[in-house]
Amino acid sequence: MAKKLWNVAIAGATGAVGNQMIECLEERNFPIGKIKFLASERSIGKVLEYKGKPVQVELLDHDAFEGIDIALFSAGGGRSLEFCPSAARSGAVCIDNSSAWRMDPDVPLVVPEVNPHAIAGYTKKGIIANPNCSTIQMVVALKPLHDYATIKRLVVSTYQAVSGTGKKAIDELRVQTGEMLNGRPVEAKVYPHRIAFNCLPQIDSFEPNGYTKEEMKMVNETVKIMESPIRVTATTVRVPVFFGHSESLNIETEKKITVAKAFELLKNAPGCKLVDDVAKGVYPMPIDAAGQDLTFVGRIREDESIDNGLNLWVVADNIRKGAATNAVQIAEILIRDHLKG
Ligand code: NAP
């Protein structure tokens, strides 16, 4: 029997994540029948390519999903709230990269290495949510440790690349860096302060509790994906790096994890790459993780300030594993195990 081909739409195809989704579908040879690229009025008439063939960008509207099997959304939360329900009504399964649906109890929030079984819940609303980029890489590294020793508490501090804010922010860091090196004044448009040669301890807006929305996403999404009441506290920081988020994790577990045990658990863990040989100056860095799909884990050491504590340094490409790759991996499981071929 001929292998079924699937009609796929990418809403937000012209953006940083959308562009990467196109590349991921190509690289992973996703069995595509028809592909549709959708964006705002600004992009109508633009031509992108899929596997060397030109594809015209069309308007994201309510009628855009007729005949589509899978709709990958990365056009911002407002668009996801507005258009995922109509895409689902048209019969498409939506895989949404925005934060719009993540905490909806009827929408699974999925990282394939951690909770692939949750995908089955897509039937309730026709939507599957992709977690926040910082959360995805963190739970990939935590899953094998949690399965072994049960994480009770987690302290995370992030060092997040500007690509996490989209294409305008990538331009802002590039332009500001050039202006600074030439001794010219810089203007901050995307971020509240200059990002070049600076660190901003603010990602997204502040909540009444003093945390940012990004920090609370890490707190709440981790519990939903890990299906465990882990107590999480987060500080999220934007740094002048183009691609690749880094994270310092301090975990407290019920059972002790020695460094040797952590090495053993992480060495063959799905989606992880152990990069830890400090004697040789080897540890995860964004320059190595950028362009890769794995989550790099290193600097593993016992937290000597508590009984059962472990510290780790985790790095991944936020646009790939933090967004596009994770969404395409979900789509792969969906067509393999859930949709009728
Ligand atoms: P981006 O580079 O700014 O791209 C935004 C995309 O959305 C563009 O294709 C844009 O189309 C489209 N869009 C904006 N307004 C629209 C409208 N009114 N109607 C239709 N399309 C519209 O942003 P991004 O970084 O790719 O992020 C996209 C989404 O993914 C966001 O929800 C973000 O939170 C999420 N996400 C991003 C990352 C990351 O690391 N960057 C990670 C996880 C999740 P035009 O080109 O026509 O304006």
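This structure is a prediction, so every number in the text was calculated from the model and none was measured.

## Some remarks on the overall build of the chain
Move 1: Scanning the chain from N- to C-terminus turns up eight helices and 13 strands.
Move 2: Compactness check: the chain gives a C-alpha radius of gyration of 20 Å against a globular reference of 20 Å for 341 residues, within 12% of the reference.
Move 3: C-alpha atoms of the chain, sized along the principal axes, occupy 60 × 55 × 40 Å.
Move 4: Looking at the chain residue by residue over its 341 residues, the buried ones come to 52%.
Move 5: Across the chain, every contact between residues at least 6 apart in sequence was considered, and the portion connecting residues at least 24 apart equals 65%.
Move 6: For the chain, the accessible area works out to roughly 15400 Å², and carbon and sulfur atoms hold 51% of it.
Move 7: Positive and negative side-chain charges in the chain, numbering 40 and 41 respectively, have mean positions lying 2 Å apart.

## Digging into the environment of glycine 244
Move 1: When you line up the elements, glycine 244 lands in the loop between β9 (231-238) and β10 (245-253).
Move 2: As a C-alpha pair, glycine 244 and methionine 218 span 26 residues in sequence and 17 Å in three-dimensional space.
Move 3: For glycine 244, the residues in contact, after removing those within four places along its chain, are Tyr159, Ala161, Pro286, Ala316, Asp317 and Asn318.

## Let's talk about the site of the ligand
Move 1: Not every one of the 26 residues close to the ligand is listed here, only the nearest: Thr14, Val17, Ser40, Arg42 and Ser43.
Move 2: One nitrogen or oxygen atom from the side chain of serine 40 is found 2.6 Å from an oxygen atom belonging to the ligand.
Move 3: The fraction of the free accessible surface of the ligand (900 Å²) that becomes covered by protein chains is 82%.
Move 4: Mapped by element, the contributors of at least two residues to the shell around the ligand are α1 (16-27) and α8 (320-338).
Move 5: Classifying every residue of the shell around the ligand gives nine nonpolar, 14 polar and three charged.
Move 6: Taken domain by domain, the makeup of the shell around the ligand includes at least three residues from each of domain 1 (6-131 + 323-337) and domain 2 (134-318).

## Quick look at the domain arrangement of the chain
Move 1: When its domains are assigned, the chain resolves into domain 1 (6-131 + 323-337) and domain 2 (134-318).
Move 2: Here the C-alpha centre of domain 2 lies 25 Å away from the C-alpha centre of domain 1.
Move 3: Between domain 1 and domain 2, the contact holds 20 residues from the first and 18 residues from the second.
Move 4: A buried area of about 1600 Å², summed over both sides, lies between domain 1 and domain 2, and 61% of it is on carbon and sulfur atoms.
Move 5: On the domain 1 side of the interface with domain 2, the three residues burying the most area are Met103, Glu113 and Val114, jointly 32% of the side's total.
Move 6: At the junction of domain 1 and domain 2, the tally comes to two salt bridges.
Move 7: Among the ionic pairs, arginine 102 bridges to glutamate 221, the shortest N-O distance being 3.1 Å.
Move 8: One can count eight residue pairs in polar contact (both at pLDDT 80 or more) joining domain 1 with domain 2.
Move 9: At three residues, the largest contribution of residues to the side of domain 1 that touches domain 2 is made by α8.

## Regarding the side chain of aspartate 69
Move 1: When you line up the elements, aspartate 69 lands in the loop between β4 (53-59) and β5 (70-73).
Move 2: Of the polar contacts made by the side chain of aspartate 69, one reaches the backbone nitrogen of asparagine 7; its length is 2.7 Å.

## A look at unusual backbone geometry
Move 1: Even without a glycine there, the phi angle at asparagine 29 is positive, about 55°.
Move 2: Relative to the assigned elements, asparagine 29 resides in the loop between α1 and β2 (32-39).
Move 3: The phi dihedral of arginine 299 falls on the positive side, at around 50°, and the residue is not glycine.
Move 4: With respect to the element layout, arginine 299 can be found in strand β12 (residues 295-302).
Move 5: For arginine 299, a relative accessible area of 33% gives the class partly exposed.

## Considerations on a positive patch on the surface
Move 1: Side chains of Arg42, Lys46, Arg79, Lys167 and Lys168 sit close together on the surface and give a patch of like positive charge.
Move 2: Among the secondary structure elements, lysine 168 is positioned in helix α4 (residues 167-181).
Move 3: On the accessibility criterion, lysine 168 (64% relative accessible area) is exposed.

## Side note on the packing of helix α3 (residues 133-149) against α8
Move 1: One way to put it is that α3 packs onto α8 with a least axis distance of 8 Å and a crossing angle of 85°. As judged from the angle between their axes, α3 and α8 are roughly perpendicular. Facing Cys133, Ile136 and Val140 of α3, the residues of α8 in contact are Lys321, Gly322, Ala323 and Asn326.
Move 2: When grouped by side-chain class, the residues that make up the contact of α3 with α8 number four nonpolar, two polar and one charged.

Conventions adopted
- Residues numbered from 1 in each chain as written.
- Predicted model: local features only at pLDDT ≥ 70, side-chain atom pairs only at ≥ 80, totals over all residues.
- Heavy atoms only, no water.
- Helix = DSSP H or I, 4+ residues; strand = E, 2+ residues; numbered from the N terminus.
- Rg over C-alpha atoms; globule rule 2.2 N^0.38 Å.
- Buried < 20%, exposed > 50% of the residue type's maximum accessible area, 1.4 Å probe, protein only.
- Contact = heavy atoms within 4.5 Å.
- Areas by Shrake-Rupley, 256 points an atom, 1.4 Å probe, with all protein chains shown as cover.
- Lys, Arg positive; Asp, Glu negative; His and termini not counted.
- Charge placed at Lys NZ, Arg CZ, Asp CG, Glu CD.
- Near = heavy atom within 4 Å.
- Polar contact = N/O pair within 3.5 Å; in protein donor to acceptor, adjacent residues only side chain to side chain.
- Nonpolar A, V, L, I, M, F, W, Y, C, P; charged D, E, K, R; others polar.
- Domains from an automatic or database assignment.
- Buried area = accessible area lost by both parts, 1.4 Å probe.
- Salt bridge = Lys/Arg side-chain N within 4 Å of Asp/Glu carboxyl O.
- Patch = residues over 30% accessible without salt bridge, like charges linked within 9 Å, V, L, I, M, F, W, Y side chains within 5 Å.
- Axes fitted to C-alpha atoms, helices over the stretch in contact; angles between N-to-C directions.
- Parallel < 35°, antiparallel > 145°, perpendicular 65-115°, else oblique.

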